[in-house]
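Topology and contacts: notes
For reference, the chains in residue letters:
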Amino acid sequence: MEVILHVYDVTNGASDKTNNTIVQINKIFKDGIGLGGIFHSAVQVYGDDEWSFGYCEQGTGVFSCPAGKNPMYTYRESIKLGTTAFSIFKVNQILRELSREWPGHSYDLLSKNCNHFCDEFCERLGVPKLPGWVNRFAHAGDTAAEIAGNTAYRLRQAKTEIVAASKVAYRFLAGVASNNSIVTPGSPVNSPRGSPRFQATWFKNLISSGSKPSTSSELENRDEEVMRERKQQEAETPITNSSRYAI
């Protein structure tokens, strides 16, 4: 039995302007450059009805209507997908199985829409799946959502690892400061409550801009300055004879 795919422009919006915009988008992206568009699809096999899938709060989302005459959308075209070797009884069995597996509340615009249902139905009928352009926009949107989700997860994971590493580094540096510090009686370090404050202050001073180590040129300048001060003091100090034999 021949299997036919019916394709519609999705023009079920309340605004005529919106519906016309969708039709124009489909003409440009499908008819113009062959990329795809925003479409509804349904499969016809055995009889005059087509089968598709949509949202509902309760029960199955699988439904049928006269082929090519779904009042919710604007009919575009039909595509012959091939022939199925299954009998009408087997096809009815497949439809009952799909009705249980595709409840209406599971409908998702990107990952589980009418085109996904028709793909599944065609696969079970043993005929080729839908042409790529029919559901290309949904596949692209689903992939983008998955990439965005993975990226957000990786960023959260990286943030957690950075925070953990920072805590380890802080504990290490604070421990070094405690071991190298001079502890005097009555100092805050002797008190368990004072130790964290000391460590925090030390760590803050460590990373402040004013706590940079002196360079070799700075040290040499300081040595020269000290030598000049000593020579000046020796020149200004009067020479006295401290010998007990002085007259």
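One can find the structure itself at the top, above this paragraph.
A few points on the structure. (Residues numbered from 1 in each chain as written. Predicted model: local features only at pLDDT ≥ 70, side-chain atom pairs only at ≥ 80, totals over all residues. Heavy atoms only, no water.)

Structural notes on the pairing of strand β3 (residues 49-53)
With two bridges joining them, strand β2 (residues 39-44) and β3 adopt antiparallel strand pairing. Within β3, the residue paired with Gln 44 across the bridge is Glu 50. In textbook terms, the turn of a hairpin is the stretch between consecutive antiparallel strands, and for β2 and β3 this stretch comprises four residues, one of which, Tyr 46, has a positive phi near 55°. Inspection of the sheet shows β3 paired to strand β4 (residues 62-66) by five bridges, in the antiparallel sense. For Ser 52, the partnering residue across the bridge sits in β4 and is Phe 63. (Pairing = 2+ DSSP bridges. Helix = DSSP H or I, 4+ residues; strand = E, 2+ residues; numbered from the N terminus.)

Focus: the pattern of salt bridges
A full pass over the atoms with the stated rule returns six salt bridges. Across the salt bridge formed by Asp 9 and Arg 76, the nearest N and O atoms sit 3.0 Å from each other. Placement of the pair is Asp 9 in strand β1 (residues 2-9) and Arg 76 in strand β5 (residues 74-83), with a sequence separation of 67 residues. A salt bridge links Arg 124 to Glu 120; the shortest N-O distance between them is 2.9 Å. With Arg 124 and Glu 120 both in helix α3 (residues 114-125), this residue pair falls four residues apart, about one helical turn. Salt bridges sharing partners connect three or more residues here, namely Glu 97, Glu 101, Glu 120 and Arg 124. (Salt bridge = Lys/Arg side-chain N within 4 Å of Asp/Glu carboxyl O.)

Focus: the environment of Gly 68
Its location among the elements puts Gly 68 in the loop between β4 and β5. On a C-alpha basis, the gap between Gly 68 and Ser 41 in space is 9.7 Å, while along the polypeptide they are 27 residues apart. Not counting the four nearest positions on each side in its chain, Gly 68 is found in contact with His 6, Tyr 8, Glu 50 and Tyr 75. (Contact = heavy atoms within 4.5 Å.)

Re the nonpolar core
Of all hydrophobic cores here, the largest spans 24 residues; its most connected members are Val 3, Leu 5, Val 43, Leu 81, Phe 117, Phe 121 and Leu 125. Those elements that place two or more of their residues in this core are β1, β2, β5, α2 (88-101) and α3. Residues in contact with Phe 117, not counting those within four places in the same chain, are Trp 51, Ser 52, Phe 53, Val 62, Leu 98 and Trp 102. (Core = buried A, V, L, I, M, F, W, Y, C linked by side-chain atoms within 4.5 Å. Buried < 20%, exposed > 50% of the residue type's maximum accessible area, 1.4 Å probe, protein only.)

Considerations on the packing of aromatic side chains
One pass over the full model with this rule turns up eight aromatic pairs. Seen in terms of ring centroids, Tyr 8 and Tyr 75 are 5.3 Å apart; in terms of plane orientation they differ by 85°. Their pairing is edge-to-face. Here the residue Tyr 8 occupies a position in strand β1, and Tyr 75 occupies one in strand β5, the gap between them amounting to 67 residues. Relative to Phe 121, the ring of Phe 117 lies with its centre 6.0 Å away and its plane at 40°, an arrangement referred to as tilted. Taken together, the residues span about one helical turn, with Phe 117 and Phe 121 both in helix α3 at a distance of four residues. Grouping residues by exposure puts Phe 117 and Phe 121 together as buried. Counting every residue linked through ring pairs, the aromatic cluster contains Phe 53, Trp 102, Tyr 107, Phe 117 and Phe 121. (Phe/Tyr/Trp six-rings, centres within 6.5 Å; stacked < 30°, edge-to-face > 60°.)

Examining the environment of Pro 131
Secondary-structure assignment places Pro 131 in the loop between α3 and α4 (136-180). In the structure, Pro 131 is positioned 50 residues away from Leu 81 in sequence and 9.2 Å away in space, judged by C-alpha atoms. Beyond its immediate stretch of four places on either side in the chain, Pro 131 contacts Leu 5 and Ile 79.

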